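Chain by chain, the residues:
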Amino acid sequence: MKRLLQINPSDNVAVILVDGDAVAPRGHKVALRPIASGEEVIKYGFPIGRATKDIAKGEWVHSHNLATGLSDDLEYEYTPVDCPELTAPSAPIVRGYLRANGDMGIRNELWIVPTVGCVNGQANAIISRLRAECDLTGIDDVRAFTHNYGCSQLGQDHANTRAALAALVKHPNAGGVLVLGLGCENNQIARFRDELGSFDLDRVKFLTAQEVEDEVEAGVDICKALIEKMKGDRRQPLPVSKLKIGLKCGGSDGFSGITANPLLGRLSDRFAAWGATTILTEVPEMFGAETILMNRAANADVFKRTVNLINDFKGYFRSYGQPIYENPSPGNKAGGITTLEEKSLGCVQKGGTSKVTDVLAYTQKSHTKGLNLLNAPGNDLVASTALALSGCQMVLFTTGRGTPFGTFVPTMKISTNSQLAKKKSNWIDFDAGVLLTTDTPDEVLDALVAKVIATANGAPLHHEEIGAKEIAIFKTGVTL
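Attention here is on the structure that accompanies the text. As the structure is a prediction and not an experimental result, all values here were calculated from the model. (Residues numbered from 1 in each chain as written. Predicted model: local features only at pLDDT ≥ 70, side-chain atom pairs only at ≥ 80, totals over all residues. Heavy atoms only, no water.)

1. Observations concerning the side chain of Arg203
Part 1 of the argument: Mapped onto the secondary structure, Arg203 falls in the loop between helix H3 (189–196) and strand S13 (204–208).
Part 2 of the argument: Polar contacts involving the side chain of Arg203 include one to the main-chain carbonyl oxygen of Gly175, which spans 2.8 Å.
Part 3 of the argument: There is a polar contact of 2.8 Å between the side chain of Arg203 and the side chain of Asp233.
Part 4 of the argument: Setting aside chain neighbours within four positions, we find Arg203 in contact with Arg99, Gly175, Gly176, Val177, Leu226, Lys229, Met230 and Asp233. (Helix = DSSP H or I, 4+ residues; strand = E, 2+ residues; numbered from the N terminus. Polar contact = N/O pair within 3.5 Å; in protein donor to acceptor, adjacent residues only side chain to side chain. Contact = heavy atoms within 4.5 Å.)

2. Observations regarding the packing of helix H5 (residues 260–273) against helix H12 (residues 441–456)
Two measures define how a pair of helices packs: the angle their axes make with one another and the distance between the axes.
Part 1 of the argument: Where H5 meets H12, the closest approach of the two axes is 10 Å, and the angle between their N-to-C directions is 65 degrees. Note that H5 runs across H12; the crossing there is right-handed. Where H5 approaches H12, its residues Leu263, Leu264, Arg266, Leu267, Arg270 and Phe271 are matched on the opposing element by Pro441, Asp442, Val444, Leu445, Asp446, Leu448, Val449, Val452 and Ile453.
Part 2 of the argument: Taken together, the residues that form the contact of H5 with H12 break down as 11 nonpolar, no polar and four charged. (Axes fitted to C-alpha atoms, helices over the stretch in contact; angles between N-to-C directions. Left-handed = near helix turned anticlockwise from the far one by under 90°. Nonpolar A, V, L, I, M, F, W, Y, C, P; charged D, E, K, R; others polar.)

3. Comments concerning H5
Part 1 of the argument: Taking 1.5 Å of rise per residue, the 14 residues of H5 would be expected to cover 20 Å, and the 20 Å separating its terminal C-alpha atoms lies within 8% of that figure.
Part 2 of the argument: With respect to burial, H5 is a largely interior element, 11 of its 14 residues being buried.
Part 3 of the argument: Those residues of H5 that sit buried are Ala260, Asn261, Leu263, Leu264, Gly265, Leu267, Ser268, Asp269, Arg270, Phe271 and Ala272.
Part 4 of the argument: Gly275 sits one or two positions beyond H5 and adopts a positive phi of about 85 degrees. (Expected span 1.5 Å × (residues − 1). Buried < 20%, exposed > 50% of the residue type's maximum accessible area, 1.4 Å probe, protein only.)

4. Examining the pattern of salt bridges
Part 1 of the argument: For the coordinates displayed, the defined rule picks out 29 salt bridges.
Part 2 of the argument: Arg143 is the partner of Asp141 in a salt bridge, and the nearest nitrogen-oxygen pair spans 3.0 Å. Here Asp141 matches Arg143 in class, with each residue buried.
Part 3 of the argument: Between Glu195 and Arg162 there is a salt bridge, and its shortest N-O distance comes to 3.2 Å. Of the two residues, Glu195 is situated in helix H3 and Arg162 in helix H2 (residues 155–169); the sequence distance between them amounts to 33 residues.
Part 4 of the argument: Note on Glu195: relative accessible area 32%, which makes it partly exposed.
Part 5 of the argument: By relative accessible area, which is 12% here, Arg162 ends up buried.
Part 6 of the argument: Among the ionic contacts, a cluster of salt bridges with common partners joins Glu109, Arg131, Asp141, Arg143 and Lys469. (Salt bridge = Lys/Arg side-chain N within 4 Å of Asp/Glu carboxyl O.)

Quick look at the structure:
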């Protein structure tokens, strides 16, 4: 393997590809020519910050001599670019569960959703009884999605919780749901039913613990009836256009923008060509690369909403007196990422080259095919949950550092480097690091597409095999 990779001909830094280099760790940057103090450092063909001191040719470029060049709100002008025409092979068929409202589920699971954290223990007790007493043939999982909220929240913060739980209840990967309340919480079941709007009365049931003598026994009875109904559910051939895929990265490293994220971008373009939906989030990790997405907006309205998405999130940081550009994380820096611009330029590559067709609010269900942008933070658990709440049946999660978690839908871990895939084979589902050594990148894309389709058809991911599934709600306000 060669020592250095210059990603774009205009770059003045290159990435170290090998272990044990004398200058810097693998994934970090070295200067290709002298860079003067105050001069822009260029990677991916874009500025990733400014040199804070003179940098010699061949010198390590990182936090000791490079800093962000980003500032507060910017003025943007809609200058649309011509996106390449999307082409793809013949569309595959997905074998999923067709729900009553026409949505497709790729799992058939029974969920208990507490309206408030006070009944988390009861929810888990019901699940334990079901696993011990029931024949779960044909049921992919039974799971309680516990959380700490539903009471002692105010205003928009409480509204976010209620909307998130409603989106969870109506997700098509659930064949049956028990909504379990306490009875005295802010998130009363009666009001929560209003939040749900229309839903399948045969598949969503409710129980208020304070209204029955034994809420665990009552909950078990309700869930057993749901399980019997779910046993009649069968996978059937459905168009791939019903698939919604979340795009997420976490624990990024110097290879994220070279291997795994561009690979997801190519996959996003392919599924968009098939009429499916992909959703990109992590708004703070668009800062510094946002114009790439803005100029691909399908129309002026989508452009305006993308501008608002960016500036409103900056306003969210300021409202709490926090710095806007407090990023990357220690793990990112250890992996070779120095500034937020650098992280963002790698992050947005997951969105491929297609038009941005819609911009979604937190918990808003996607309805427009193609690439959507979603309002959610960069935090791995919160962002992955948000993607699923907007209707994604699975999340593709690229990582250079590794993580074992999974949200409440299948969460595929895609490594940016092969060393991680080898070391944490119990976490990583797909190795994109092979792109550094292969001469056949199209074959890698085809292999990832096949993995996605197999997952949609029921093949479990590593986190599903060990039951690592959870939700994280975006909390934005005070607690009483």
